[in-house]
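Overview (structure and organization)
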Amino acid sequence: MSQEIHQTEPEATRRSADEAESSRASRGWWDRNADEYQSDHGGFLGDDRFVWGPEGIDETEAGLLGPLDDLAGLDILEIGAGAAQCSRWLAAQGARPVALDLSHRQLQHALRIGDGIPLVQADAGVLPFRDGSFDLACSAYGAVPFVADPVQVFREVHRVLRPGGRWIFSVTHPVRWAFPDEPGPEGLSVTASYFDRTPYVEQNENGEAVYVEHHRTLGDRVRDVVAGGFRLADLVEPEWPAWNSQEWGGWSPLRGNLIPGTAIFVCVRD
């Protein structure tokens with residue numbers, strides 16, 4: 001007699017989650033969901049575009065990394081690279097990128113797309129590089145929202161950057177924490193405290209976290225940047241462009257025209 005196996009849906013809750021549990025959950029979640037993520041969003045991200053977030057702001061127009069002509073010859077670390085789309089774009093500008101991700105399956109998609117970008121599987125809080133290895137570091141929605149100790153990540157990035165190097169990263173805009181993660185009208189009403197830093201956790205039937213996302217207020221993020229040794233040079237809150245009609249999770253034209261969805265931090269290692 002065959003035995004049918006039922007998989008229960010993870011339970012969503014709010015509770016503490018330390019660095020080890022958060023890292024373990026992120027690695028497992030992205031390994032399990034990399035195929036679906038690349039299938040759903042690969043067309044929007046492209047194989048060799050540098051897109052900062054669901055709004056579709058493109059580095060070619062944004063210029064947050066600096067003038068395009070100045071990227072040639074730079075050693076650049078991309079953290080939370082996924083399938084290395086951003087690194088592939090950087091290589092096309094003449095830079096020497098290294099794509100780092102916690103997820104083995106995400107990096108397999110980078111290999112599938114190809115182009116010979118150096119790939120490293122590692123935790124962003126323990127970067128396997130010597131001091132002063134890079135001129136620039138970047139991350140488009142990678143690592144930072146999922147770690148319990150972002151200052152540790154920033155200190156590691158600071159360590160591997162050369163003096164004068166820049167660290168530019170994008171995350172979900174902190175104000176979104178107060179709203180439901182819904183693209184429609186139901187996502188426009190505040191339902192939680194913006195000031196509640198308790199992590200969002202999805203856990204299995206054994207109480208083990210399978211997904212963790214950490215909230216920091218905008219002020220927290222600024223203080224974390226400074227504690228990591230950086231100077232904050234700019235904070236960009238991209239508006240939703242008229243051409244973008246796509247919904248992506250809780251991001252949508254409806255919400256994007258009313259409240260910010262992404263925050264991009266431009267940091268300098270003096």
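The paragraphs below set out a description of the structure included in this document. Just so we're clear, the structure is a prediction, and the values are computed from it rather than from any experiment.

Brief notes about the pairing of strand 8 (residues 209-213)
- Counting buried residues along strand 8, five of its five residues qualify, which places the element largely inside the surrounding structure.
- The pairing of strand 7 (residues 200-203) with strand 8 spans four bridges and is classified as antiparallel. By the bridge assignment, Gln203 is partnered in strand 8 with Ala209.
- Hairpin connection between strand 7 and strand 8: a loop of five residues separates the two successive antiparallel strands, and Gly207 in this loop has a positive phi of roughly 80°.

Some thoughts on a nonpolar patch on the surface
- A cluster of nonpolar side chains, contributed by Leu188, Leu254 and Leu258, occupies part of the molecular surface with about 250 Å² of accessible area.
- The class for Leu258 is exposed, based on a relative accessible area of 57%.

What about the environment of Asp35?
- Among the secondary structure elements, Asp35 is positioned in helix 1 (residues 19-45).
- Since its relative accessible area comes to 37%, Asp35 is described here as partly exposed.
- In sequence terms Asp35 and Leu102 are 67 residues apart; their C-alpha atoms lie 15 Å from each other.
- Ignoring any residue separated from it by four or fewer positions in sequence, one finds Asp35 in contact with Arg105 and His109.

Some thoughts on the packing of aromatic side chains
- As enumerated under the stated definition, the model contains 17 aromatic pairs in all.
- Aromatic side chains Trp30 and Phe146 sit 6.3 Å apart centroid to centroid with 80° between the ring planes, which places their arrangement in the edge-to-face category. Of this pair, Trp30 sits in helix 1 while Phe146 sits in the loop between strand 5 (134-140) and helix 5 (150-160), placing them 116 residues apart in sequence. You'll find Trp30 and Phe146 in the same group, each marked buried.
- When the ring of Phe169 is compared with that of Phe265, the centres are 4.9 Å apart and the planes differ by 10°; the resulting orientation is stacked. Taken as a pair, Phe169 in strand 6 (residues 161-172) and Phe265 in strand 10 (residues 262-268) lie far apart in primary sequence, 96 residues in all.
- Take Phe169: its relative accessible area is 0%, and that puts it in the buried class.
- The structure contains a cluster of three or more aromatic residues connected by ring pairs, namely Trp29, Trp30, Tyr37, Phe44, Phe146, Tyr200, Tyr211 and Trp248.
- Just above the ring of Phe44 sits the side chain of Arg49; from NZ or CZ to the centre is 6.0 Å.

Let's talk about the nonpolar core
- Formed by 27 residues in total, the largest nonpolar core has its most connected members in Leu77, Ile79, Phe129, Val157, Trp167 and Phe169.
- Of all the secondary structure elements, the ones that give two or more residues to this core are strand 2 (75-79), strand 3 (96-101), strand 5, helix 5, strand 6 and strand 10.
- Beyond its immediate chain neighbours, meaning those up to four positions away, Val157 contacts Ile79, Leu127, Ala137, Trp167 and Phe230.
- With 17 residues, the next largest nonpolar core counts Phe50, Trp52, Leu136 and Val266 among its residues.

Things to note about the packing of helix 5 against helix 6 (residues 218-227)
- Between helix 5 and helix 6, the shortest axis-to-axis distance is 8 Å and the interhelical angle comes to 40°. The angle between the axes of helix 5 and helix 6 places the two elements in the oblique class. Both helix 5 and helix 6 take part in a crossing whose hand is right-handed. When helix 5 is examined against helix 6, the residues Pro150, Val151, Phe154 and Arg155 are found in contact with a partner set consisting of Arg221, Asp224, Val225 and Ala227.

Some thoughts on the sheet that holds strand 8
- Pairing is antiparallel across the open sheet formed by three strands, whose spatial order is 1-7-8. Lying at the two open borders of the sheet, with one neighbouring strand each, are strand 1 (11-14) and strand 8. Neighbour-to-neighbour, the strand axes of the sheet open up by a mean angle of 20°, direction not taken into account.
- For strand 1 and strand 7, the ladder comprises four bridges, and the chain directions are antiparallel. In the strand pairing of strand 7, Glu11 is matched with Gln203.

What to know about the pairing of strand 5
- The element strand 5 is largely enclosed, with a buried count of five among its seven residues.
- Here strand 2 runs beside strand 5; their pairing, made up of three bridges, is parallel. Considered in strand 5, the bridge of Leu77 is made with Ala137.
- Judged from the six bridges that link them, strand 5 and strand 6 form a sheet pairing that is parallel. Each residue of the ladder has a partner; that of Ala137, found in strand 6, is Trp167.
- Read from strand 5 through helix 5 to strand 6, the crossover connection turns out right-handed.

The rules we used
Residues numbered from 1 in each chain as written. Predicted model: local features only at pLDDT ≥ 70, side-chain atom pairs only at ≥ 80, totals over all residues. Heavy atoms only, no water. Buried < 20%, exposed > 50% of the residue type's maximum accessible area, 1.4 Å probe, protein only. Helix = DSSP H or I, 4+ residues; strand = E, 2+ residues; numbered from the N terminus. Pairing = 2+ DSSP bridges. Patch = residues over 30% accessible without salt bridge, like charges linked within 9 Å, V, L, I, M, F, W, Y side chains within 5 Å. Areas by Shrake-Rupley, 256 points an atom, 1.4 Å probe, with all protein chains shown as cover. Salt bridge = Lys/Arg side-chain N within 4 Å of Asp/Glu carboxyl O. Contact = heavy atoms within 4.5 Å. Phe/Tyr/Trp six-rings, centres within 6.5 Å; stacked < 30°, edge-to-face > 60°. Lys NZ or Arg CZ within 6 Å of the ring centre and 35° of its normal. Core = buried A, V, L, I, M, F, W, Y, C linked by side-chain atoms within 4.5 Å. Axes fitted to C-alpha atoms, helices over the stretch in contact; angles between N-to-C directions. Parallel < 35°, antiparallel > 145°, perpendicular 65-115°, else oblique. Left-handed = near helix turned anticlockwise from the far one by under 90°. Right-handed = clockwise from strand over helix to strand, strands pointing away.

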